[in-house]
Amino acid sequence: MKSKIALITGITGQDGAYLAEFLLSKNYIVHGIKRRSSSFNTERIDHLFQERSEDSTFILHYGDMSDGMNITRLIRDVNPNEIYNLAAMSHVRVSFDTPEYTANIDAIGTLRILEAVRLLGMEKKVKVYQASTSELFGKVQETPQSETTPFYPRSPYGVAKMYAYWITKNYREAYGIFASNGILFNHESPMRGETFVTRKITRAVTRISVGLQNQLLIGNLNAKRDWGHAKDYVKSMWMMLQHDKADDFVIASGQNFSVRDFIIKSFKLVGIDVDFQGTGINETGVITKIKNQTDGLKVGQTLVKIDPVYFRPSEVDTLLGNSNKARTKLKWIPEYDFDSLIKEMVQSDLTLANKEKIIKEL
Ligand code: NAP
Ligand code: GDD
């Protein structure tokens, strides 16, 4: 049977890497769009490239979501069966500093893809996955959030993604393009970018445990998120495009935890009990017990402090998803839960911290 061809934007990101690996395991020919960068940005996919360069099943192209001609040419030349639009300026806090850029990439970038499909006359040939987000729910109007919950985005990122959601739906209704929105709640992994809160925590906790770092400076401890594993979530993207009709699906674990919970659990996994004391910006995380005495740490020591620099001008306080539609219609079942997700992230970052320590001591 002839292999299907997939084109992934954002292939160098967390989801792009997991999705590429998943599609290659399903015998797809995978094309990815990467940005030109002054330093290497393919760390997450280098292993795939090395394994597949001989048989030409994994091919990278230069491109940028701001460049409509480049996107149109690539879609024409690659002639994909499926397009996964994962590229985005994906950091909510940063979107307050770069609102126009965020709109150009996350909102108009999506339009550029859909319009290319239309102009190339590929409406009936290609299926499009749009990386929508639980940030659309923002200041939540009901709990838990499902496909019918009204949107109330709280950041330039959320607002840009709202345009992308609706233009995807509009091109589906107007031109009959098979275009689906995956409304994915937060998903993490050892490949998560280091400035998102989960990875920032697991990096700091493991580095503190081996004596490479003194403290974790953090923003809003009370924020609650519905966290899942990226590996489970990219599978749902593929499932959406294999479904008999294009539609919109919420993907979530159905459980939420606070940033504070995430920190406590992560420290516990490296043998350090931390308790939170005080209130507001004076709240601190203090050691109450240490399992194995490690590098100069002692009971009573402050390991976590608030730094208001990480607060957002408008915050999404709490998110909790209801993914019953995906679980019923797509038969999507996640393999990871909150505990196994944190455990994998802490173990992976502990290995990294120990390597860093050896290099430092050389
Ligand atoms: P990520 O790790 O930040 O990856 C984003 C990708 O987009 C990277 O490959 C990045 O390239 C690329 N990109 C950024 N600006 C670009 C531009 N101007 N032109 C071309 N490529 C560009 O994000 P992720 O966590 O994998 O998320 C994937 C998608 O899902 C994003 O659209 C995100 O908004 C959405 N989403 C994520 C989550 C989540 O919890 N992870 C939840 C819901 C929705 P560089 O590597 O060069 O920076
Ligand atoms: N990044 C960060 N850094 N967040 C912090 C910090 C910190 O030091 N301290 C507290 N937080 C809080 C944020 O204020 C937010 O409420 C929560 O932790 C999660 O922040 P992030 O991990 O940055 O993720 P996000 O929820 O804002 O956005 C992610 O998930 C969205 C899906 O809901 C991103 O992946 C988005 O691209 C994605 O759409």
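This next bit is on the pattern of salt bridges. In a structure, side chains of opposite charge can pair up when their charged atoms sit close to one another. Inspection of the entire model under this criterion finds 21 salt bridges. In this structure, the salt-bridge partner of R93 is D97, at a minimum N-O distance of 3.6 Å. Separated by four residues within a single helix, R93 and D97 lie in helix α4 (residues 92-97), roughly one turn from each other. What makes R93 partly exposed here is its relative accessible area of 23%. D97 gets classed as exposed once you look at its relative accessible area, which sits at 55%. A single salt-bridge network, built from bridges that share partners, covers E194, R199, R203, R207, D349 and E356.

To describe two helices that pack against each other, one gives the angle between their axes and the distance between the axes. Here helix α7 (residues 197-209) crosses helix α11 (residues 338-361) at 50 degrees, and the two axes come no closer than 8 Å. Here α11 runs oblique to α7, going by the angle between their axes. The handedness of the crossing between α7 and α11 comes out as right-handed. Contact residues: α7 offers T198, R199, T202, R203, T206, R207 and S209, while α11 offers M345, V346, D349, L350, L352, A353 and E356. Partitioned by chemical class, the residues of the contact of α7 with α11 number five nonpolar, four polar and five charged.

The grouping of L217, V309 and Y310 at the surface amounts to a nonpolar patch, some 260 Å² of accessible area in total. Within the element layout of this structure, V309 appears in the loop between β15 (302-306) and α10 (324-330). According to the relative accessible area criterion, V309 is exposed, its value standing at 52%.

Neighbouring ligand 2 are 24 residues; S90, S134, Y157, R312 and E315 lie closest to it. Protein contact buries 95% of the 710 Å² of open area that ligand 2 shows by itself. When its residues are assigned to classes, the shell around ligand 2 shows ten nonpolar, eight polar and six charged.

Below, the discussion takes up the sheet that holds β15. What the four strands build is an open sheet, ordered β8-β15-β14-β13; its pairing is mixed. Sheet topology places β8 (216-218) and β13 (272-277) at the edges, where each strand pairs with a single neighbour. Between one strand axis and the next, the sheet turns through 25 degrees on average, direction left out of account. Pairing of β13 with strand β14 (residues 284-290), which is carried by six bridges, proceeds in the antiparallel orientation. When the sheet's bridge partners are listed, I272 is paired in β14 with I290. Sheet contacts for α7: β8, β13 and β15; angle to β8, the most-contacted strand, approximately 160 degrees. The strands touched by helix α9 (residues 259-269) within the sheet are β8, β13 and β15, with β13 carrying the most contacts at an inclination of about 155 degrees.

Moving on, we get to the nonpolar core. Residues I8, L23, V30, Y84 and Y129 are the most contacted members of the largest nonpolar core, which totals 36 residues. For this core, the secondary-structure elements that each account for two or more residues are β1 (5-9), α1 (14-25), β5 (127-133), β6 (178-184), α8 (230-242), β11 (248-251) and α10. It is α8 that contributes the most residues to this core, eight residues altogether. Apart from the residues within four sequence positions on either side, L23 is in contact with A6, I8, Y28, V30, Y84 and W238. The next biggest cluster of nonpolar side chains, apart from the first, holds 29 residues, and it includes I208, W227, I263 and F267.

What counts and how
- Residues numbered from 1 in each chain as written.
- Chains lettered and ligands numbered in written order.
- Predicted model: local features only at pLDDT ≥ 70, side-chain atom pairs only at ≥ 80, totals over all residues.
- Heavy atoms only, no water.
- Salt bridge = Lys/Arg side-chain N within 4 Å of Asp/Glu carboxyl O.
- Helix = DSSP H or I, 4+ residues; strand = E, 2+ residues; numbered from the N terminus.
- Buried < 20%, exposed > 50% of the residue type's maximum accessible area, 1.4 Å probe, protein only.
- Axes fitted to C-alpha atoms, helices over the stretch in contact; angles between N-to-C directions.
- Parallel < 35°, antiparallel > 145°, perpendicular 65-115°, else oblique.
- Left-handed = near helix turned anticlockwise from the far one by under 90°.
- Contact = heavy atoms within 4.5 Å.
- Nonpolar A, V, L, I, M, F, W, Y, C, P; charged D, E, K, R; others polar.
- Patch = residues over 30% accessible without salt bridge, like charges linked within 9 Å, V, L, I, M, F, W, Y side chains within 5 Å.
- Areas by Shrake-Rupley, 256 points an atom, 1.4 Å probe, with all protein chains shown as cover.
- Near = heavy atom within 4 Å.
- Pairing = 2+ DSSP bridges.
- Core = buried A, V, L, I, M, F, W, Y, C linked by side-chain atoms within 4.5 Å.

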